[in-house]
Structure formats: structure tokens, C-alpha cells
Amino acid sequence: MKYLMFVCTDTEPDADPSAAPDIERWVAERDARGQRLAGDQLAAPDAATTIRVRNGELLVTDGPFAETKEVIVGFDLLECADLDEAIEVARNHPMAYEGRIELRPFADPDA
């Protein structure tokens, strides 16, 4: 099953960030196991461009759509047997300690 893992900041990180695993090791292990298909860091939120079409008119806005303190800073595309495996992959990501991880399965086109 494929999952998109959003890597987000958090206003309340773990009190001991030194407990977080090394990101390069996490990436290497997930790549070696075939669990991580792709992933990367994102530019800062102020580099975002929001696109909308309303009443046939294109609206282009600089910056993110939502004004929040937490922001998506990266992503990983995962291939896991099930949600339990995806959770285990996510719990070992450094940003699970310093930020938040959101897992979202891809929609089943046959459903």
C-alpha cells in the first residue's frame, strides 16, 4: 500500500531532540528496505504559490493558503504492507520527535 507521509513542524517538539534518529540513516534504511520510494525537503512556506479558479478567473496568491504555525517541510512516498508498517516507519523519522508526521493512504481507484 502506498502512503504519503507529510513531514511537519510542531510548536511543541519533544523536550529532548537529541533522542531523534539521524535523518541520513533513516533515509538509507528505508531506501534499502524498499519502503521509501521518494522524498525531499520543501522550500519555506513563503516560497509557496496558491492557485485557485473562481467563476472562471485564475487567482494566484503568493505564500501558503493556510496561515498556521505548523508547516509541511517535506514529504516521503512510502510503500508499506499496511498502516501498522507505515506507522513504524513514521515513528522512526527524526521529525516524529521534533515535529509531526501525517500519514495518508492513496485513494483506492476501485472503491
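We now turn to the structure provided with this report. (Residues numbered from 1 in each chain as written. Predicted model: local features only at pLDDT ≥ 70, side-chain atom pairs only at ≥ 80, totals over all residues. Heavy atoms only, no water.)

Right, let's talk about the overall build of the chain for a bit. Helices and strands together make up the secondary structure of the chain, namely 3 helices and 6 strands. The secondary structure elements of the chain, listed N-terminal to C-terminal, are β-α-β-β-β-β-α-α-β. With the C-alpha coordinates of the chain rotated into their principal frame, the extents come out at 45 × 40 × 20 Å. Counting across all 111 residues of the chain, residues that qualify as buried make up 23%. (Helix = DSSP H or I, 4+ residues; strand = E, 2+ residues; numbered from the N terminus. Buried < 20%, exposed > 50% of the residue type's maximum accessible area, 1.4 Å probe, protein only.)

As a further point, take the side chain of His93. With respect to the secondary-structure elements, His93 resides in the loop between α2 (83-91) and α3 (95-98). Given a relative accessible area of 5%, His93 falls into the buried group. Not counting residues up to four positions away in its chain, the partners in contact with His93 are Met5, Val7, Ile23, Trp26, Asp76 and Ile101. (Contact = heavy atoms within 4.5 Å.)

On to the nonpolar core. By size, the foremost hydrophobic cluster in this structure holds 10 residues: Tyr3, Met5, Val7, Trp26, Leu78, Cys80, Ala86, Val89, Ala90 and Met95. Mapped onto this core, the elements with two or more residues apiece are β1 (2-9) and α2. Apart from residues no more than four positions distant in its own chain, Met95 is found in contact with Val7, Cys8, Thr9, Val73, Arg100 and Ile101. (Core = buried A, V, L, I, M, F, W, Y, C linked by side-chain atoms within 4.5 Å.)

For α2, the full list of buried residues reads Ala86, Val89 and Ala90. All buried residues of α2 project into a common sector of 95° when viewed along the axis, lining one side. Two or three places before Asp84, at the opening of α2, Asp82 has a side-chain oxygen 3.2 Å from that residue's backbone nitrogen. (Arc of directions from axis to C-beta. Polar contact = N/O pair within 3.5 Å; in protein donor to acceptor, adjacent residues only side chain to side chain.)

Side chains of Ile51, Val53, Leu58 and Val60 sit close together on the surface and give an oily, nonpolar patch of about 380 Å² of accessible area. Secondary structure elements with two or more residues in the nonpolar patch: β3 (49-54) and β4 (57-62). As for its position among the elements, Leu58 is in strand β4. Assessed through its relative accessible area of 52%, Leu58 is described here as exposed. (Patch = residues over 30% accessible without salt bridge, like charges linked within 9 Å, V, L, I, M, F, W, Y side chains within 5 Å. Areas by Shrake-Rupley, 256 points an atom, 1.4 Å probe, with all protein chains shown as cover. Salt bridge = Lys/Arg side-chain N within 4 Å of Asp/Glu carboxyl O.)

Everything listed here is a matter of coordinates, which is why it stays silent on function.
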